[in-house]
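Residues per chain, in single letters:
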Number of protein chains: 2
Amino acid sequence: MGDSVRIVIDTIGGDNGAAVCVKGAVKGLKNSRNVKIILTGNEDELEKLLSEEEYDRSRLEVVNATEEISLHEAPVEAVRKKKDSSLVVGMNLLKEGKAEALISAGSSGAILAGGQFIVGRAKGVKRAPLAPLIPTTKEPSLLIDCGANVDAKPEVLVQFARMGSIYMESVMGVKNPRVAIVNIGMEEEKGNALVKETYPLLKACKDINFTGSIEARQIPYGEADVILTEAFVGNVIIKLYEGLAKMMLGELKEAIMSSAKGKIGGLLIKDSLKGMKTKFSASNKGGAPLLGLKGLVVKIHGNSKEEEVISAIEQCRTFVENDVSGKIVRGFEESTNGD
Amino acid sequence: MGDSVRIVIDTIGGDNGAAVCVKGAVKGLKNSRNVKIILTGNEDELEKLLSEEEYDRSRLEVVNATEEISLHEAPVEAVRKKKDSSLVVGMNLLKEGKAEALISAGSSGAILAGGQFIVGRAKGVKRAPLAPLIPTTKEPSLLIDCGANVDAKPEVLVQFARMGSIYMESVMGVKNPRVAIVNIGMEEEKGNALVKETYPLLKACKDINFTGSIEARQIPYGEADVILTEAFVGNVIIKLYEGLAKMMLGELKEAIMSSAKGKIGGLLIKDSLKGMKTKFSASNKGGAPLLGLKGLVVKIHGNSKEEEVISAIEQCRTFVENDVSGKIVRGFEESTNGD
């Protein structure tokens with residue numbers, strides 16, 4: 001099994017504890033022969049959970065880690081100080097070449113900081129973007145960047161466009177992915193200084209399928225495969241997406257429950273709503289990849305369950321098997337616009 | 001009627017034609033004695049529409065305008081060249097002191113450009129922000145700025161915070177409105193350069209109730225009365241709000257209609273949904289004010305109906321009667337941070 005994709009799962013920090021990671025890992029091993037898993041976390045707890053499962057022990061390893069990084073800690077400091085946290089121990093495995101990918105449901109800030117400082121950026125990569133998939137009426141779109149790279153420069157956005165394009169093609173199987181830049185109007189002369197400077201650079205890139213600007217109102221309709229923006233705006237988009245969807249579903253439920261007639265109607269549309277929820281669920285698409293690092297880091301939601309862990313394992317396997325990191329680095333080397 | 005609030009209604013450019021403006025104007029006159037209306041547009045058409053209505057002619061005037069600014073024209077050029085368009089004719093009435101407010105359902109770009117170049121900024125105002133109300137689970141919040149002021153400076157955002165605060169207090173009747181700045185985290189040290197520079201300036205303002213950062217996911221829950229951000233992000237927020245809400249309601253409808261059971265359920269929850277729609281409808285709150293000008297300019301949706309016109313008339317009356325423009329200008333004069 002020398003060619004197996006070795007995936008670390010950080011088992012501390014998610015809302016649902018280590019059990020969902022263990023169950024997900026065991027299922028992940030069954031789903032694909034080409035995967036090995038390393039669980040970082042409380043060894044005693046993990047071994048106890050594992051003792052209840054049936055799996056090929058030669059493909060699963062436990063690495064003890066005693067510290068936990070909480071959501072309330074300053075990320076950079078936490079990553080630097082808590083060397084025995086499950087996240088830092090896992091990231092060091094990536095750094096040392098003992099694994100190709102890491103999955104964590106822990107603090108986003110710590111994941112971003114650790115990716116930068118421990119795993120490190122791949123050759124030629126200026127910044128490492130966080131790129132979640134967002135649901136649309138068609139296929140999900142990749143929103144790049146939602147990470148920590150605020151006030152990014154045009155050449156950094158161009159790199160993000162390339163990375164996002166390679167990711168969508170190689171991992172999601174989208175042929176010739178459409179890349180659009182988030183803007184406040186459709187015309188080329190519209191936008192803030194960053195967008196105006198980046199636009200012609202993107203137009204000049206022969207290796208991406210740049211389709212121009214996208215306005216925020218079009219995003220939910222899947223009119224681009226890669227939605228390019230700097231991290232501040234990306235963060236606003238992903239959080240508003242989540243907040244507004246949650247609010248609307250909550251209000252709908254409240255409206256339905258406010259009358260007897262509504263309640264009966266609600267029961268009748270329950271199945272329809274479930275189908276809609278599944279369509280918009282990201283759990284079967286994996287987590288948000290942190291791209292451009294020396295290894296793949298995948299951030300899954302804090303409230304992730306077994307299914308999300310399983311999907312993320314598949315995502316990591318596809319990513320590594322298709323050599324996405326190599327494609328990104330080679331893409332930058334070949335491109336005249338790469339630097 | 002020397003003290004009447006004189007309101008111009010631009011009757012060209014809305015999706016529903018001049019008829020909704022005429023009907024709205026006539027109802028607006030009936031709603032409040034302290035209002036006079038000036039309709040700009042095709043005189044023949046307007047007189048024909050008016051001949052079918054009963055109203056006090058001494059309080060309504062028609063000013064002929066022959067040109068139309070379409071949505072596809074470059075706004076600045078259109079406003080400069082089409083001097084006989086209903087929008088430019090109306091804005092000139094504001095400039096000449098013949099009216100205090102203007103309502104238009106036409107091109108946003110032309111409204112922003114005309115506000116800037118024809119009506120002009122009030123004394124001390126650096127930029128004129130567009131500030132729509134957005135629906136939340138509580139009361140609507142004012143999102144300032146969604147206009148054309150991309151790449152704004154910190155001192156400009158501070159002015160917007162003051163204007164928004166005065167507007168919410170004087171027009172919407174919110175006491176001591178909570179002002180929050182859109183950010184990518186809650187801590188003071190988070191954010192891009194603009195937010196980091198603006199944050200301490202807002203904290204130092206004694207005349208606004210600054211509550212700190214707001215993340216995009218909290219916006220739909222009405223956790224601030226004034227949501228402060230620069231225009232690029234504001235534009236993304238308002239358009240994503242519209243796009244996502246429309247998409248979700250569309251998907252819900254489709255999900256319900258996809259099965260016989262769902263269809264019956266859909267009929268039963270129809271009333272509940274209507275209540276929800278009313279709650280989230282902005283039609284009873286007026287349009288988006290363009291603040292900080294020498295007169296009030298209100299942008300209503302292109303698809304506005306009679307109700308939106310009536311609400312906007314009430315909004316203009318409240319704005320002028322409460323001397324919001326005066327309060328804004330005096331606020332800047334008194335404030336040590338105003339410049």
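This text goes with the structure placed above it.
Now for a quick tour of the structure. Just so it is clear, the structure is predicted and the values come from calculations on it, not from any experiment. Numbers given for residues are sequential positions, taken from 1 along each chain in its written order. Starting at A for chains and at 1 for ligands, labels are handed out in the order in which the entities are written. This being a predicted model, a pLDDT of at least 70 is required before a residue's local features are given, and a value of 80 or more before pairs of side-chain atoms are given or counted; all residues contribute to the totals for chains, interfaces and linings. Here the side-chain values reflect all heavy atoms present in the structure, with hydrogen atoms and water set aside.

1. Details of the overall build of chain A
So the rule is basically this: Counting from the N terminus, the helices are the DSSP runs of H or I reaching at least four residues and the strands are the DSSP runs of E reaching at least two. To get the radius of gyration, use the C-alpha atoms; to get the globule rule, take the number of residues to the power 0.38 and multiply by 2.2 Å. Every accessible area reported is derived by Shrake-Rupley at a probe size of 1.4 Å, with residue values counting cover from the shown protein chains alone.
Counting its secondary structure elements, chain A contains 11 helices and 11 strands. Relative to the globule expectation of 20 Å for 339 residues, the C-alpha radius of gyration of chain A, 21 Å, shows essentially globular dimensions. Across its three principal directions, the C-alpha atoms of chain A cover 65 × 60 × 35 Å. When the accessible surface of chain A is summed, it comes to about 14400 Å², and 50% of that surface belongs to carbon and sulfur atoms.

2. Looking at the packing of aromatic side chains
Spelled out, the test is: Centres within 6.5 Å make a pair out of two Phe, Tyr or Trp rings, where for Trp the six-membered ring is used; the pair is then stacked when the planes are under 30 degrees apart, edge-to-face when over 60, and tilted otherwise. Accessibility here uses a 1.4 Å probe with only protein chains present; expressed as a share of the type maximum, an area under 20% marks a residue as buried, one over 50% as exposed, and anything in between as partly exposed.
The final tally for this structure, using the stated rule, is 4 aromatic pairs over all chains. Taken together, a centroid distance of 5.1 Å and an interplanar angle of 80° make the contact between A:Tyr199 and A:Phe210 edge-to-face. Of this pair, A:Tyr199 sits in helix 7 (residues 193–203) while A:Phe210 sits in strand 8 (residues 209–214); the two residues are 11 residues apart in sequence, bridging distant segments of the chain. The exposure class of A:Tyr199 is buried, given its relative accessible area of 9%. Ring geometry for B:Tyr167 versus B:Phe319: centroids 6.1 Å apart, planes at 45°, classification tilted. Here B:Tyr167, found in helix 6 (residues 154–170), pairs with B:Phe319, found in helix 10 (residues 306–321); they are 152 residues apart in sequence, far enough to count as distant.

3. Some thoughts on the sheet that holds strand 8 (residues 209–214) of chain B
Residues and elements named next belong to chain B. Threshold: DSSP-based pairing: two strands are paired if at least 2 bridges between them are found.
In space, the 5 strands of this open sheet follow the order 5-6-9-7-8, with mixed pairing throughout. Of all the strands in the sheet, just strand 5 (133–134) and strand 8 have a single pairing partner and so form its edges. Sheet topology note: the strand 7 (residues 178–182)/strand 9 (residues 226–228) ladder contains 3 bridges and is parallel. Bridged to Ile-181 within strand 9 is Leu-228.

4. Description of helix 4 (residues 86–95) of chain A
All names here are of chain A. In terms of burial, helix 4 is a largely internal element, 8 of the 10 residues being buried. All buried positions along helix 4 are accounted for by Ser-86, Leu-87, Val-88, Val-89, Gly-90, Met-91, Leu-93 and Leu-94. Of the residues one or two after helix 4, Gly-97 is the one with positive phi, at around 75°.

5. Some remarks on the interface of chain B and chain A
Our working rule: Contact between two residues is taken to exist if any of their heavy atoms lie within 4.5 Å; hydrogens are not considered. Buried area, as used here, totals the accessible surface that two parts lose on assembly, with accessibility defined by a 1.4 Å probe and the loss added over both. Here, a salt bridge means any Lys or Arg side-chain nitrogen found within 4 Å of an Asp or Glu carboxyl oxygen. We call two N or O atoms a polar contact when they sit within 3.5 Å, provided that within protein one can donate a hydrogen and the other can accept it, with sequence-adjacent residues counted only if both atoms are side-chain atoms.
With 52 residues of chain B at the interface, the matching set in chain A holds 52 residues. Of the roughly 4800 Å² buried where chain B meets chain A, counting both sides, 74% is carbon and sulfur surface. Together, B:Ile184, B:Phe232 and B:Leu240 form the three largest contributors to the area buried by chain B at its contact with chain A, with a combined 14%. For the interface between chain B and chain A, the tally reads 6 salt bridges. Between B:Glu215 and A:Lys239 there is a salt bridge whose closest N-O contact spans 2.3 Å. Here chain B and chain A share 12 residue pairs in polar contact (both at pLDDT 80 or more) between them. When contributions to the side of chain B that touches chain A are tallied by element, the ones reaching two or more residues are helix 7 (193–203), helix 8 (231–257) and helix 9 (260–280) of chain B. With 20 residues, the single largest contributor to the side of chain B that touches chain A is helix 8 of chain B.

6. What to know about the sheet that holds strand 3 (residues 60–64) of chain B
Residues and elements named next belong to chain B. To be explicit about the condition: Lines fitted to the C-alpha atoms define the axes, with helices restricted to the stretch that makes contact. Angles between their N-to-C directions range from 0 to 180 degrees.
With mixed pairing, the 6 strands of this open sheet are ordered in space as 3-2-1-4-11-10. Strands at the two margins of the open sheet, each flanked by one partner only, are strand 3 and strand 10 (288–290). Between one strand and the next, the sheet's axes are offset by a mean angle of 25°, whatever the strand orientation. Of the pairings in the sheet, the one linking strand 10 to strand 11 (residues 296–299) comprises 3 bridges and is antiparallel in character. Bridge assignment links Ala-288 to a residue of strand 11, and that residue is Lys-299. Set on the sheet, helix 1 (residues 17–31) makes contact with strand 1 (5–10), strand 2 (35–41) and strand 3; between it and strand 2 the angle comes to about 170°. The sheet strands contacting helix 10 are strand 1, strand 2, strand 4 (101–104), strand 10 and strand 11, and the helix crosses strand 1 at an angle near 145°.

7. Examining the relation of the copies chain B and chain A
What counts here: Here the copies are matched by least squares. The fit uses the C-alpha atoms of residues with pLDDT of at least 70 in both.
Screw-axis analysis of chain B against chain A gives a translation of 0.0 Å along the axis, an RMSD of 0.0 Å, and a rotation angle of 180°. The symmetry that links the two subunits is that of a two-fold axis. By C-alpha distance to the rotation axis, the residue of chain B lying nearest is B:Gly265, at 1.9 Å. Of all interface residues in chain B, 100% are interface residues in chain A too; the two copies therefore contact each other through one and the same surface.

8. Some words on the nonpolar core
Put simply, the test is: The set of buried Ala, Val, Leu, Ile, Met, Phe, Trp, Tyr and Cys residues whose side-chain atoms join them within 4.5 Å is what this entry labels a nonpolar core.
By size, the foremost hydrophobic cluster in this structure holds 180 residues, and its most contacted members are A:Ile37, A:Ile219, B:Ile37 and B:Ile219. If we skip the residues at most four places from it in the chain, B:Ile37 touches B:Ile7, B:Ile9, B:Ala25, B:Leu29, B:Arg59, B:Leu60, B:Glu61 and B:Ile313.

9. Overview of the pattern of salt bridges
Inspection of the entire model under this criterion finds 32 salt bridges over all chains. One salt bridge in this structure joins A:Lys82 and A:Glu73, with 2.9 Å as the shortest N-O distance. Looking at A:Glu73, the relative accessible area reads 23%, which means it is partly exposed. For B:Arg217, the salt bridge is made with B:Glu215, and the minimal N-O distance between the two is 3.8 Å. Among the residues examined, B:Arg217 registers a relative accessible area of 34% and is labelled partly exposed. For B:Glu215, a relative accessible area of 12% puts it in the buried group. Through salt bridges with shared partners, a single network forms among A:Glu215, A:Arg217, B:Lys239 and B:Glu242.

10. Thoughts on the packing of helix 6 of chain B against helix 7 of chain B
Residue and element names in this part refer to chain B. Test applied: Comment on the angle field: the value is read as roughly parallel under 35 degrees, roughly antiparallel over 145, roughly perpendicular from 65 to 115, and oblique elsewhere. By definition, any crossing whose near helix is turned counterclockwise from its far helix by less than a right angle is left-handed, and any crossing with a clockwise turn is right-handed.
Where helix 6 meets helix 7, the axes come as close as 9 Å, and the angle between the chain directions of the two elements is 50°. With respect to helix 7, the axis of helix 6 lies oblique. The handedness of the crossing between helix 6 and helix 7 comes out as right-handed. Seen from helix 6, the contacting residues are Pro-154, Glu-155, Leu-157, Val-158 and Ala-161; seen from helix 7, they are Leu-194, Glu-197, Thr-198, Leu-201 and Leu-202.

11. Observations regarding the state of the cysteines
All names here are of chain A. Selection rule: Whenever a pair of cysteine sulfur atoms sits within 2.5 Å, that pair is classed as a disulfide.
The full count for this structure, using the stated rule, is 0 disulfides over all chains. With no disulfide partner, Cys-21 has as its closest neighbouring cysteine sulfur the one in Cys-316, 13 Å distant. We classify Cys-21 as buried; its relative accessible area is 7%.

12. Overview of the packing of helix 4 of chain A against helix 5 (residues 108–119) of chain A
All names here are of chain A. This is how it is decided: For this scheme, ten residues count as nonpolar: Ala, Val, Leu, Ile, Met, Phe, Trp, Tyr, Cys and Pro. Four count as charged, namely Asp, Glu, Lys and Arg, and the remainder, Gly too, count as polar.
The interhelical angle for the contact between helix 4 and helix 5, taken along N-to-C directions, is 35°, at an axis separation of 10 Å. The way helix 4 lies across helix 5 gives a crossing that is right-handed. Contacts between helix 4 and helix 5 involve Leu-87, Val-88, Met-91, Asn-92, Leu-94 and Lys-95 on the former and, on the latter, Ala-110, Ile-111, Gly-114, Gly-115, Ile-118 and Val-119. Among the residues forming the contact of helix 4 with helix 5, the class breakdown is 8 nonpolar, 3 polar and 1 charged.

13. Digging into the side chain of B:Arg59
Let me state the cut-off plainly: The convention is simple: Lys and Arg are positive, Asp and Glu are negative, and His and the chain ends are not counted.
Mapping B:Arg59 onto the fold places it in the loop between helix 2 (43–50) and strand 3. B:Asp56 is the oppositely charged side chain nearest to the buried, salt-bridge-free B:Arg59, at an N-O distance of 4.5 Å.

14. Here's the deal with the environment of A:Ala180
Residues and elements named next belong to chain A. Mapped onto the elements of the fold, Ala-180 is located in strand 7 (residues 178–182). C-alpha of Ala-180 to C-alpha of Arg-33: the two residues are 147 residues apart in sequence and 37 Å apart in space. Not counting chain neighbours up to four residues away, the residues in contact with Ala-180 comprise Phe-210, Thr-211, Gly-212, Ser-213, Ile-214, Ala-224, Val-226, Ile-227 and Leu-228.

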